[in-house]
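Secondary and tertiary structure notes
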Amino acid sequence: MASKLIQVAEFAGVSQVTVRRVLNGSPAVAESTRERVFRALDVLGIKRPASLAVERSPLVGLVIPDLQNPVFPAFAEALAGRLNKRGYIPVLCTRTADGVSEANYIEMLLAQNIGGIVFVGSSYADAGVEQGMALRERGVPMVLVNSADENLEVAQLAADDTHAVEQALVHLERMGHERIGLLVGPGGHLPSVRKLKGFARFWQARGVSRKVWLPWVGHTLFSLEAGAHAVGDLLEQGVTAVVCGSDTLALGVVRGARRQGLRVPEELSVVGFDDSALMSAVDPPLTTCRQPVAAMAEAAVTVLAEQIQGRRVPPGLTLFQTELIVRTSTTRPGVARLLV
């Protein structure tokens with residue numbers, strides 16, 4: 001125990017006597033110093049004494065950007081069910097049209113001494129500098145699922161976007177497509193960055209230069225109309241297929257192609273991402289990369305519960321493999337001419 005005491009004292013920048021006082025619950029220690037010692041214990045993986053354990057609410061915040069993208073409600077449902085089974089109460093927090101944002105929710109959750117937070121498709125960095133700092137200072141258990149940006153000090157889970165795009169490209173290549181477009185989110189959006197990495201790696205392995213394939217890449221917002229508008233630029237590049245960063249974008253691409261008089265898949269093959277609800281029932285049924293929502297939700301709740309119970313979870317990213325679900329929105333190029 002003496003060696004651990006030294007480690008904690010050095011990490012916290014205080015004397016061993018101060019550490020002993022904190023561990024003994026002495027009131028003669030400043031609150032800021034007490035927090036530094038607690039943080040040192042957590043970082044070093046040393047369990048706090050039972051008498052000093054933080055009593056947290058059983059409430060767990062589920063912070064989700066919106067409910068328009070059908071994969072977000074799917075994650076919310078999967079997470080809520082698993083939290084309930086462990087005795088936690090999920091609280092859904094999503095942006096609203098009247099301006100309620102992540103920052104507003106974080107303030108409300110902190111006021112309730114929240115037990116933990118799961119951020120889905122977002123980031124606690126989106127909550128704002130002050131709220132993010134408050135979460136760190138209070139040691140709120142957190143886990144990020146498909147984070148929009150890098151948060152290296154937090155436990156993260158994500159679909160393997162790079163591998164997913166390569167799967168889709170191989171599928172289209174085997175059908176005979178040679179000019180394949182990629183339509184993803186804004187440039188700084190981390191899942192989109194990983195998808196672009198897979199796209200680049202695929203063409204590099206085939207000796208196609210960046211100068212050739214870069215015009216086949218489009219960036220836009222994640223909405224039907226954004227997809228419908230953006231596909232026009234890709235069609236001008238002569239692509240015969242498009243891999244999209246979400247099912248919503250893919251449905252938008254189908255809509256945009258039809259506005260230009262093209263048939264899907266006869267004149268344009270389309271691949272989505274997520275395999276969200278009803279993608280087997282749209283016209284045409286969508287070929288898409290399925291996220292393992294259930295497995296990711298189970299892992300997220302397990303990681304969060306470990307933190308809530310006082311055990312240290314190392315930060316870092318865990319990737320989950322996707323599965324390409326082949327339906328009828330993809331076919332070989334030139335089939336339209338064969339059907340005439």
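A brief structural summary. Just so we're clear, the structure is a prediction, and the values are computed from it rather than from any experiment.

To continue, consider the overall build of the protein. The secondary structure content of the protein amounts to 13 helices and twelve strands. A burial count over the protein gives 50% of its 340 residues as buried. Partitioning the contacts of the protein with sequence separation of at least 6, the portion at a separation of at least 24 is 73%. Working note: accessible area of the protein is about 16000 Å², and carbon and sulfur atoms make up 54% of it.

Note that strand 1 (residues 59-64) and strand 2 (residues 89-94) share six bridges and pair parallel. Looking across to strand 2, one finds that G61 is bridged to V91. In this fold, strand 1 hands off to helix 4 (residues 71-85), which returns the chain to strand 2; that crossover is right-handed.

Strand order in the open sheet formed by six strands is 2-1-3-4-5-11, with parallel pairing between adjacent strands. Every interior strand has two partners, whereas the edge strands, strand 2 and strand 11 (316-320), have only one. Averaged over all neighbouring strand pairs, the angle between strand axes comes to 20°, with direction disregarded. With four bridges joining them, strand 3 (residues 116-120) and strand 4 (residues 142-145) adopt parallel strand pairing. Of the residues in strand 4, the one forming a bridge with V118 is V143. Across the sheet, helix 12 (residues 293-308) touches strand 1, strand 3, strand 4, strand 5 (155-159) and strand 11, and the angle it forms with strand 4 is around 165°.

Below, the discussion takes up the layout of surface pockets. Empty pockets left among the atoms are what a rolling probe the size of a water molecule brings to light. By volume, the second largest pocket is sized at about 630 Å³. Along the wall of the second largest pocket there are 31 residues; nearest its centre are N69, F72, G121, H189 and F222. When residues of the lining of the second largest pocket are traced back to their parent elements, those giving at least two are helix 4, helix 8 (190-205) and strand 9 (269-274). With three residues, the top contributor of residues to the lining of the second largest pocket is helix 4.

All right, on to the packing of aromatic side chains then. For the structure shown, the criterion picks out four aromatic pairs. Considering the side-chain rings of F199 and W213, the 5.7 Å spacing of their centres and the 80° angle between planes classify their relative orientation as edge-to-face. One end of the pair, F199, is in helix 8; the other, W213, is in helix 9 (residues 210-213), and 14 residues separate them in sequence. For the pair shown, F199 and W213 are each scored as buried. With centroids separated by 4.9 Å and ring planes inclined at 85°, the aromatic side chains of F202 and W203 adopt a geometry described as edge-to-face.

Ranked by size, the top nonpolar core spans 40 residues in total, and within it F199, V242, V243, V253, L268 and V270 carry the most contacts. The set of elements that each furnish at least two residues to this core consists of helix 7 (161-175), strand 6 (180-184), helix 8, helix 10 (224-236), strand 8 (241-244), helix 11 (247-259) and strand 9. Filtering out sequence-adjacent residues up to four positions away, V242 remains in contact with G181, L183, V231, L234, V253, L268, S269, V270 and V271. If you look at the next biggest cluster of nonpolar residues, it comprises 27 residues, including V60, F72, A76 and V145.

By the element assignment, T220 lies in the loop between strand 7 (217-219) and helix 10. In this structure T220 comes out as buried when scored by relative accessible area, which is 15%. Linking T220 and L249, residues 29 residues apart in sequence, is a C-alpha distance of 8.9 Å. Apart from residues lying up to four places away in sequence, T220 is in contact with L183, V184, G185, P186, A226, A230 and L249.

Cis geometry marks the peptide bond from V264 to P265, where omega comes out at 10°. Locating P265 in the fold gives a position in the loop between helix 11 and strand 9. In this chain, D283 is followed by P284 through a cis amide linkage whose omega measures -5°. With respect to the helices, strands and loops of the structure, P284 is situated in the loop between strand 9 and strand 10 (287-290). Positive phi is not limited to glycine here, since D274 has a value of about 130°. Since its relative accessible area comes to 4%, D274 is described here as buried. A positive phi angle is found at D275, which is not glycine, with a value near 55°. Position of D275 among the secondary structure elements: in the loop between strand 9 and strand 10.

Conventions used here
- Residues numbered from 1 in each chain as written.
- Predicted model: local features only at pLDDT ≥ 70, side-chain atom pairs only at ≥ 80, totals over all residues.
- Heavy atoms only, no water.
- Helix = DSSP H or I, 4+ residues; strand = E, 2+ residues; numbered from the N terminus.
- Buried < 20%, exposed > 50% of the residue type's maximum accessible area, 1.4 Å probe, protein only.
- Contact = heavy atoms within 4.5 Å.
- Areas by Shrake-Rupley, 256 points an atom, 1.4 Å probe, with all protein chains shown as cover.
- Pairing = 2+ DSSP bridges.
- Right-handed = clockwise from strand over helix to strand, strands pointing away.
- Axes fitted to C-alpha atoms, helices over the stretch in contact; angles between N-to-C directions.
- 1 Å grid on protein atoms, 1.4 Å probe; cavity = no way out; pocket = protein on both sides within 12 Å on 5 of 7 lines; lining within 4 Å.
- Points joined across faces, edges and corners; volume = space filled by probe spheres on them.
- Phe/Tyr/Trp six-rings, centres within 6.5 Å; stacked < 30°, edge-to-face > 60°.
- Core = buried A, V, L, I, M, F, W, Y, C linked by side-chain atoms within 4.5 Å.

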